[in-house]
Amino acid sequence: MRVRVCVVIASGQVFAVALWTSSAHTKFRVASLKKQRFRGRCAWITGASQGLGEDIALELAARGAFLILSGRREARLREVAEACVARGAMAVEILVLDMYSDRGVMKRTVQKAYDLAKSMGKMHDSSVSRTVDIFIHCAGGSQAASALSGEDEDVDKAIFQLNCLGPISLTKEVGRMMTNDPNASEFKRIVAVCSVAAKVPSPGQASYAAAKSGYAAFLNSLRSEIADTGVRVVCVYPGPIA
């Protein structure tokens, strides 16, 4: 069994992510070293129809969070939502999102997410959140190709749209809402799952690593720009997950 533990400390935010894999399954655990409670918080998770996004959703569901699940496959999102309810989520909504969408669609999707968070919160007492407290971006896709292979630049453009340009557009809109939200709590987090490829690119990952590096650089700059607003930006760099 291979064990990978990543502890991220950014602008006062302490966030621990533990990943471990076996031949049978992949497990994900997320916990705050400050024992922060997720119950009654609203988390919006992209890439929630599979992989890390799904595992994070299930883990936060068990901690009693409100969840907004995004991805391209509505039917699969509904299956994950049902599993989250069974695990103890206070409420779950789905919001279909394609990272190849243009900026206008991204902006409208962010507004819909905040509207969903508000409506979920209104179903409960005033002690629970009525806004997006935690945005967790997991959507993305890898690529395996030689740096010099291929003649079609559309492939590289697609990789950058999925792993860099689309995430930047979405994160910008979330950041604007989160930094100007009058209903925001003191617990405001933007958490992005990047890749160790952004730090140590491997052969066959040229375009993918470049795209992830670009998104990571954006996040690291954003962190310092909005630190005084109370919004914490966390960039996670997991390695290969079986």
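Look up: the structure comes first, before these words.
Being a predicted model, the structure only gives us computed values, none of them experimental. (Residues numbered from 1 in each chain as written. Predicted model: local features only at pLDDT ≥ 70, side-chain atom pairs only at ≥ 80, totals over all residues. Heavy atoms only, no water.)

The next thing to look at is helix α2 (residues 74-87). Look at α2: 20 Å from first C-alpha to last across 14 residues, which is about the 20 Å you get at 1.5 Å a residue. Positive backbone phi, at 120°, marks Gly88, one or two positions downstream of α2. (Helix = DSSP H or I, 4+ residues; strand = E, 2+ residues; numbered from the N terminus. Expected span 1.5 Å × (residues − 1).)

This paragraph deals with the sheet that holds strand β4 (residues 42-46). Strand order in this open sheet of 6 strands is β6-β5-β4-β7-β8-β9, and the pairing throughout is parallel. Here the strands that pair on one side only, and so sit at the sheet edges, are β6 (91-96) and β9 (231-236). Averaged over neighbouring strand pairs, the angle between their axes works out to 15° when direction is ignored. Direction of pairing for strand β5 (residues 66-71) relative to β6: parallel, over a ladder of 6 bridges. Considered in β6, the bridge of Phe66 is made with Ala91. Along the sheet, α2 makes contact with β5 and β6, crossing β6 at roughly 165°. Where helix α3 (residues 103-122) meets the sheet, its contacts fall on β4, β5 and β6, and the angle it forms with β6 comes to roughly 165°. (Pairing = 2+ DSSP bridges. Axes fitted to C-alpha atoms, helices over the stretch in contact; angles between N-to-C directions. Contact = heavy atoms within 4.5 Å.)

Let us look at α3. With 20 residues, α3 ought to run about 28 Å at 1.5 Å a step, and its terminal C-alpha atoms sit 29 Å apart, in line with that. Of the residues making up α3, those classed as buried are Met106, Thr109, Val110, Ala113, Tyr114, Leu116, Ala117, Met120 and Gly121. Burial along α3 is one-sided: seen end-on, the buried residues are contained in an arc of 155°. Away from its buried face by more than 90 degrees, α3 exposes Lys107, Arg108 and Lys122. Buried residues belonging to α3 abut β4, β5, β6 and α4 (153-179). (Buried < 20%, exposed > 50% of the residue type's maximum accessible area, 1.4 Å probe, protein only. Arc of directions from axis to C-beta.)

Regular strands place side chains that alternate from one sheet face to the opposite one. Burial analysis of β5 places 6 of its 6 residues in the buried class, the great majority of the element. The alternating pattern of β5 places Phe66, Ile68 and Ser70 on one face and Leu67, Leu69 and Gly71 on the opposite face, and all of these are buried. As paired strands, β4 and β5 are joined by 4 bridges and run parallel to one another. When the sheet's bridge partners are listed, Ile45 is paired in β5 with Leu69. Taking the sense of rotation as the criterion, the β-α-β connection linking β5, α2 and β6 turns out right-handed. (Right-handed = clockwise from strand over helix to strand, strands pointing away.)

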